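Summary of structural features
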Amino acid sequence: MEKLVVPTMADMMAKGEKPEVLFWVGCAGSFDDRAKKVTKAVAKILQHTGVSFAVLGTEESCTGDPAKRAGHEFLFQMQAMSNVMVLNGYEVTKIVTACPHCFNTIKNEYPALGGNYEVVHHSQLLQQLIDNGRLKVEGGSFKGKKITFHDPCYLGRANGEYEAPRSVIQKLDIYFTEMKRSRANGLCCGAGGAQMFKEPENGNKDINIERAEEALALNPEIIAVGCPFCMTMLSDGVKNFNKEHDVEVKDIAEMIAEAIDIK
Amino acid sequence: MIANILFVLLLIAGVGLFTKKIRSVIRNIKLGQDIDLSDRPMERLQTMIRVALGQSKMGSRPVAAFFHVILYVGFIIINIEVIEIIIDGVFGTHRVLSFLGSFYNFLIGSFEYLAFLVLIACFVFLSRRNIIKLKRFHMKEMTKWPKSDANIILFVEIFLMSAFLIMNACDFQLQLLQSEHYFKGEIVGAFPISSHLISFLPNDVATLEFIERFCWWFHIIGILAFLNYVPYSKHFHIMLAFPNTYYSKLTPKGQFSNMDSVTNEVKLMLDPSAVPPPADAPPARFGAKDVQDLTWKQLMDSYSCTECGRCTSACPANLTGKLLSPRKIMMDTRDRLEEVGKNIDQHGADFKDEKSLLGSYITEEELWACTSCNACTEACPVNIDPLSIIIDMRRYLVMEQSTAPAELQGMFSKIENNGAPWQFPASDRMNWTKDEN
Ligand code: HEM
Ligand code: SF4
Ligand code: SF4
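Residues numbered from 1 in each chain as written. Chains lettered and ligands numbered in written order. Predicted model: local features only at pLDDT ≥ 70, side-chain atom pairs only at ≥ 80, totals over all residues. Heavy atoms only, no water.

1. Quick word on the overall build of chain A
Along chain A, the regular secondary structure elements total eleven helices and eight strands. Radius of gyration (C-alpha) of chain A: 18 Å, near the 18 Å computed for a compact globule of 263 residues. With the principal axes as the frame, chain A shows a C-alpha extent of 50 × 45 × 30 Å. In chain A, buried positions account for 67% of the 263 residues. Accessible surface for chain A amounts to roughly 9500 Å². Of this, 47% is attributable to carbon and sulfur atoms. On chain A, the mean spot of the 30 positive side-chain charges and the mean spot of the 35 negative ones are 3 Å from each other. (Helix = DSSP H or I, 4+ residues; strand = E, 2+ residues; numbered from the N terminus. Rg over C-alpha atoms; globule rule 2.2 N^0.38 Å. Buried < 20%, exposed > 50% of the residue type's maximum accessible area, 1.4 Å probe, protein only. Areas by Shrake-Rupley, 256 points an atom, 1.4 Å probe, with all protein chains shown as cover. Lys, Arg positive; Asp, Glu negative; His and termini not counted. Charge placed at Lys NZ, Arg CZ, Asp CG, Glu CD.)

2. Section: the site of ligand 3
All names here are of chain B. Of all residues adjacent to ligand 3, which total 13 residues, the nearest are C305, C308, G309, C311 and C380. Elements with a minimum of two residues in the shell around ligand 3: α11 (310–314) and α13 (326–347). Along the lines of polarity and charge, the residues of the shell around ligand 3 split into eight nonpolar, two polar and three charged. (Near = heavy atom within 4 Å. Nonpolar A, V, L, I, M, F, W, Y, C, P; charged D, E, K, R; others polar.)

3. Things to note about the coordination of the iron atom of ligand 1
Residue and element names in this part refer to chain B. Protein-derived ligands of the iron atom of ligand 1 are H68 (NE2) and H237 (NE2), with the metal-ligand distances lying across 1.9 to 2.1 Å. Each of the six donor atoms bound to the iron atom of ligand 1 contributes to angles spanning 86 to 180°, and the resulting shape is octahedral. Of this pair, H68 sits in helix α3 (residues 62–78) while H237 sits in helix α8 (residues 237–246), and the two are 169 residues apart along the sequence. (Donors = N, O, S within 2.8 Å, 3.2 Å for Na, K, Ca; no water. Tetrahedral: all angles 85-135°; square planar, octahedral: opposite > 155°, others 65-115°.)

4. Notes on the pairing of strand β8 (residues 248–251) of chain A
Residue and element names in this part refer to chain A. Direction of pairing for strand β7 (residues 222–225) relative to β8: parallel, over a ladder of four bridges. Residue V225 lies in a different strand from β8, and its bridge partner there is D251. Crossover handedness for the path β7 to helix α10 (residues 228–240) to β8: right-handed. (Pairing = 2+ DSSP bridges. Right-handed = clockwise from strand over helix to strand, strands pointing away.)

5. Overview of the domain arrangement of chain A
Residue and element names in this part refer to chain A. Split into domains, chain A comes out as domain 1 (9–129) and domain 2 (137–259). For the pair domain 1 and domain 2, the summed buried area comes to about 2100 Å², and 70% of that belongs to carbon and sulfur atoms. Of all residues in domain 1, R34, P100 and H101 give up the largest surface area on contact with domain 2, accounting jointly for 24% of the area buried on that side. When the shortest N-O distance is used, the salt bridge between R34 and E254 registers 2.8 Å. Applying the counting rule to domain 1 against domain 2 returns nine residue pairs in polar contact (both at pLDDT 80 or more). (Domains from an automatic or database assignment. Buried area = accessible area lost by both parts, 1.4 Å probe. Salt bridge = Lys/Arg side-chain N within 4 Å of Asp/Glu carboxyl O. Polar contact = N/O pair within 3.5 Å; in protein donor to acceptor, adjacent residues only side chain to side chain.)

6. With respect to the interface of chain B and chain A
With 62 residues of chain B at the interface, the matching set in chain A holds 70 residues. Summed over both partners, the interface of chain B with chain A buries about 5500 Å², with 67% contributed by carbon and sulfur atoms. Three residues stand out in chain B for area buried against chain A, namely W422, R429 and W432 of chain B, and they jointly supply 15% of the buried area on that side. Connecting chain B to chain A are two salt bridges. For R395 of chain B, the salt bridge is made with E73 of chain A, and the minimal N-O distance between the two is 3.3 Å. Along the contact surface separating chain B from chain A lie 28 residue pairs in polar contact (both at pLDDT 80 or more). If one sorts the elements of the side of chain B that touches chain A by residue count, helix α9 (residues 260–270) of chain B sits on top with seven residues. When grouped by side-chain class, the residues that make up the side of chain B that touches chain A number 34 nonpolar, 14 polar and 14 charged. (Contact = heavy atoms within 4.5 Å.)

7. A word on the state of the cysteines
All names here are of chain A. Per the stated rule, a full pass over the model turns up zero disulfides over all chains. The cysteine C189 is free of any disulfide, with C230 supplying the nearest cysteine sulfur at 3.9 Å. Using a relative accessible area of 4% as the deciding quantity, one classes C189 as buried. (Disulfide = S-S within 2.5 Å.)

What follows is the structure, encoded as structure tokens:
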């Protein structure tokens, strides 16, 4: 596999170039060790398929999603407006991100603050690449594996995208199995609405345990996810049942990268 | 003659009281903040036709959906009969529309079948609540009034439908006996259901007439009473489902409202040369503490809630034992709004009591349990949005009171200081490119 080269927008600008798409990495994708692997998988797929891309690097800052969901509209708008200034400064037109929260915020909430871009979730980009033949995948090591998919709230219900992630992983000749609560009826992993950053309120169960239980009941080999927060919550949930050696929680991008052997 | 006058008086009183109540509900809804929902009228109309008229979101629970359609269609169609009842009542006629001939017979016949089906549906709904005891009808917020309310509605419908059928049965019997006021040379109406009841009826004309008149009066007084009961009840949805779905949120569920008042301030902070808002603009309260801080649409939502609990039974927080129930959020909003309305009626528009929606009805613990997952808005058959109320109250807690949970305060200051909700400097953002693997 060739060496991964990740240019920043500043590098590109200095060379007078403009990438096809900006890869918005997100805070989890930049700092969370598990999510960083997903970030890398996405970047490798972009490079492998010849999509010219760049990241903001040190110029990236939180979209403000957790602040907004927690009710801190000031902080959200401060973040949003300064991000919009950076993005508009680089004349960004298309953005891909592996985080449904960043995706939702930039796509739906930045326009009111002057940021208008075409925003896609990485599952949608992967599907586009497969559809137009730039990305060719076969089952490989995933062939016949029993896999279920957990819908991220901010991709699914929030933005109506249920198909793209499913159709991407189904390209891997897997044995796909659906949880009862899926698509529009999908159950949250428990992290949204800024819950990721606090202890749950008093109750009789944690939401990620409830969800992991539902997924594990299907006896899957892999629980596929499309969101760094779902990744954390479900990995913890699986660990809670001591199943982390039998069941993997994997992002769809990691699965694709592995299948085309660019891991 | 006395009967006609009495009837007209009752009609005026019934409709008059109802109108008064509706006016006060409209006044209450207008206590909310302004929001412009006049955009995309065609899309709104389509949503209303699909969701309210077409009941499109009921299908996820097929049994409830099936019997509800019977109630819904049955109730609306049977009420066509009320037109005739009113004309008969005012002018002392009997079955004034019977000149429609065979079409009339077809109508009355269908009403009878529908009335019978409505009866069955009511029994099914009653047993779901009181015998099977479905979980979503037996949660914390479903005790006392909300519980009786649901049963009252069903019993009233049962009484109304029974009165309608018994009235028809007596009428049929009287026609068979060729009683003077009832028989006009041939049998009018068709009685596919009530004809089975006549074997239980006496053959004596005077008693029959008495029962027939009694049921007639019972039916129409019942309808007028019911009309006035509806706006006090979850049954209000039979009217409000339509405007409420018309004004549905049309933007993606994940898109939360942009607070323009904040935008102005942030623009000033980032760019001091920006034009400040006019000085006479009212000082905005950030977020919602009480019902007046919510938008009129959020208030309309609260009156439209059917208390069906589909939202709560899909809510991840509620499912895992947290205090939050989106249905309770809606019921609290409505109860508080009614209270504020009463205060205004009794003490004038400027009266302020000690209470507020946030605090007296809804606790912070409920609000902080929400994951903003939109399961509730997806589940609601009348497109109610409990999540937006939760977020508006969080806004108040955070921006007016600074009472977010400590971990969230910490998250805020990390975003402020280093542009990420975790303690990592921006200079580490490219580290993932260097890590092995
Ligand atoms: C004139 C029209 C309508 C009538 C007579 C009617 C009648 C009723 C009655 C009697 C109930 C009580 C059943 C129970 O909870 O035990 C009910 C419940 C309900 N109605 Fe309606 N309704 C009407 C219109 C609508 C519309 C337009 C909608 C919008 C989709 C709607 C949605 C509901 C829902 C969601 C419930 C709760 C049922 C459940 O899931 O248990 N209704 N309705
Ligand atoms: S958005 Fe909040 S209230 Fe609604 S279902 Fe999800 S957690 Fe419950
Ligand atoms: S908000 Fe909607 S789903 Fe929830 S109880 Fe009311 S009508 Fe039912």
